[in-house]
Amino acid sequence: MDVDDIAARLGVPAEEIARVDRLAGDQPSAPLPAESDARAILARLAVLPDDADEIIAGWPTADSPLWTPELRWLLDRSTALVRADLGGSGWLPPGPALPHARGPAWQHLYVYAYLALVDVARAYHREHDIPDTVSWATLADLGRNLAVNRRMRREGWPVMQAWLTLHARGGLYELGRLQHQRGGTAISLHIPESGPLTPDAVNASLDEARAFFPRHFPDEPYTDFTCGSWLLDPQLLEYLPEDSNIIRFQRMFTLEPYEEPEGQDADVEVRRFVFRTLTTPLDQLPRDTVLQRAIIDHLRSGRHWQIRSGRLPI
């Protein structure tokens, strides 16, 4: 199919389809699991029943009227795009954002791409002798992100779909409380929504990573852990007690300047993670916790939050 025609049919910019076509190149796609196995696989990926029902209802069978030629092309090429960068550890949007209102094929296209890549990712893990328990714990971030997106009334998915390509390429691993992203000379830390951020849980995850990466990626010497997050904003000290988990996490790092990528807004990121909404007015947000009250009061006073970068020697 012609790239411009595909873009027109999908209602997305032609340059985004050209990017998918260019990055996918001649890389073969990957097959989806059998529909009969889908529910069991989705359960292993921590996908909640409501999301699993939607995904299965839109399954791209050969005779499905939901799947137009341009959607099938995008599924094939976006899967190939991610597969072409297997082992990569950078940010990689798999394709253009699609309007969810047009049906389950549009809403979950990148979920199907992720499902097609599960076996590809697990084969990469086996090549590096990574235990199955770590593989499944890492890949199960799909279910967590789908649940968050549902809570956000589908506002968050364009960010999340690019985030999940790290898992599908073997660029990130969930080791206990934290997620650890490969790349360069530093392991980048990420904090999933998976319970209290206690010092014991954080230290256990760091200790696991100290053993994990030399064992499974011996050719990648790492000297530091790094973290770029609003959780490291020193302004939180004005609101949170010294013994709070967030402040104790903050104090583990030596803070460094942080250059926000173009288009990133710390206030938006704080609202995304603390309230799981981007559109609810400040005066309608919940004030149930010290952190929620701090975020709201800070913004209502006309001040702004910051994303800061921290470094911790391995």
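In what follows, the accompanying structure is described. Sequence order sets the numbering: in each chain, residues are counted from 1 along the sequence as written. Two thresholds apply to this predicted model, a pLDDT of at least 70 for residue-level local features and 80 or more for giving and counting side-chain atom pairs, whereas whole-chain, interface and lining totals are computed over all residues. Hydrogens and water molecules were not included; the side-chain quantities draw on all heavy atoms of the structure.

1. A look at the packing of aromatic side chains
To describe a pair of aromatic rings, one takes the distance between the centres and the angle between the planes. Threshold: When the centres of two rings from Phe, Tyr and Trp lie within 6.5 Å, Trp using its six-membered ring, the rings pair. Their planes under 30 degrees apart give stacked, over 60 give edge-to-face, and anything left gives tilted. Labels follow the DSSP assignment, with helices taken as runs of H or I lasting at least four residues and strands as runs of E lasting at least two, numbered in each case from the N terminus. Only protein chains enter the accessibility calculation, which uses a 1.4 Å probe. A residue is then buried if its area is under 20% of the maximum for its type, exposed if over 50%, and partly exposed in between.
Tallied over the full model, the rule gives 10 aromatic pairs. Ring geometry for Tyr173 versus Phe217: centroids 5.8 Å apart, planes at 45°, classification tilted. With Tyr173 in strand β1 (residues 172-175) and Phe217 in the loop between α12 (199-216) and β4 (224-229), this residue pair connects regions lying 44 residues apart in the sequence. Here Phe212 and Phe213 contribute two aromatic rings whose centre-to-centre distance is 5.0 Å and whose plane-to-plane angle is 80°, an arrangement assigned as edge-to-face. You can call Phe213 buried: its relative accessible area is 1%. Counting every residue linked through ring pairs, the aromatic cluster contains Tyr173, Phe212, Phe213, Phe217 and Tyr222.

2. As for the sheet that holds strand β3 (residues 186-190)
Let me state the cut-off plainly: At least two DSSP bridges between two strands are required for those strands to pair. To get an axis, fit a line to the C-alpha atoms, keeping to the stretch in contact for a helix; angles then go from 0 to 180 degrees between the N-to-C directions.
Within the open sheet, the six strands sit side by side as β1-β2-β3-β4-β6-β5. Their pairing is mixed. Of all the strands in the sheet, just β1 and β5 (254-256) have a single pairing partner and so form its edges. Averaged over all adjacent pairs, the angle separating strand axes in this sheet is 30°, with direction ignored.

3. Comments concerning the packing of helix α4 (residues 49-57) against helix α9 (residues 141-151)
Heads up, the rule is: Angles below 35 degrees are treated as roughly parallel, those above 145 as roughly antiparallel, those between 65 and 115 as roughly perpendicular, and all remaining angles as oblique. Pairs of residues are marked as contacts when any of their non-hydrogen atoms sit within 4.5 Å. Residue type decides the class: Asp, Glu, Lys and Arg count as charged, Ala, Val, Leu, Ile, Met, Phe, Trp, Tyr, Cys and Pro as nonpolar, and the leftover types, Gly among them, as polar.
Two elements in contact, α4 and α9, have axes whose closest approach is 10 Å; the angle formed by their N-to-C orientations is 95°. The orientation of α4 relative to α9 falls into the category roughly perpendicular. In this structure, α4 contributes Asp50, Asp51, Glu54 and Ile55 to the contact, and α9 contributes Leu146, Ala147 and Arg150. The class makeup of the residues in the contact of α4 with α9 is three nonpolar, no polar and four charged.

4. Some thoughts on the pattern of salt bridges
Defined as follows: Salt bridges are counted wherever a side-chain nitrogen of Lys or Arg sits within 4 Å of a carboxyl oxygen of Asp or Glu.
Evaluation of the coordinates by the stated rule reveals 21 salt bridges. Among the salt bridges present, the one from Glu193 reaches Arg276, with a minimum N-O distance of 3.2 Å. Of this pair, Glu193 sits in the loop between β3 and α12 while Arg276 is found in the loop between α14 (266-275) and α15 (290-300), placing the two residues 83 residues apart along the sequence. Each of Asp51, Glu54, Arg150 and Arg154 takes part in a single network of salt bridges with overlapping partners.

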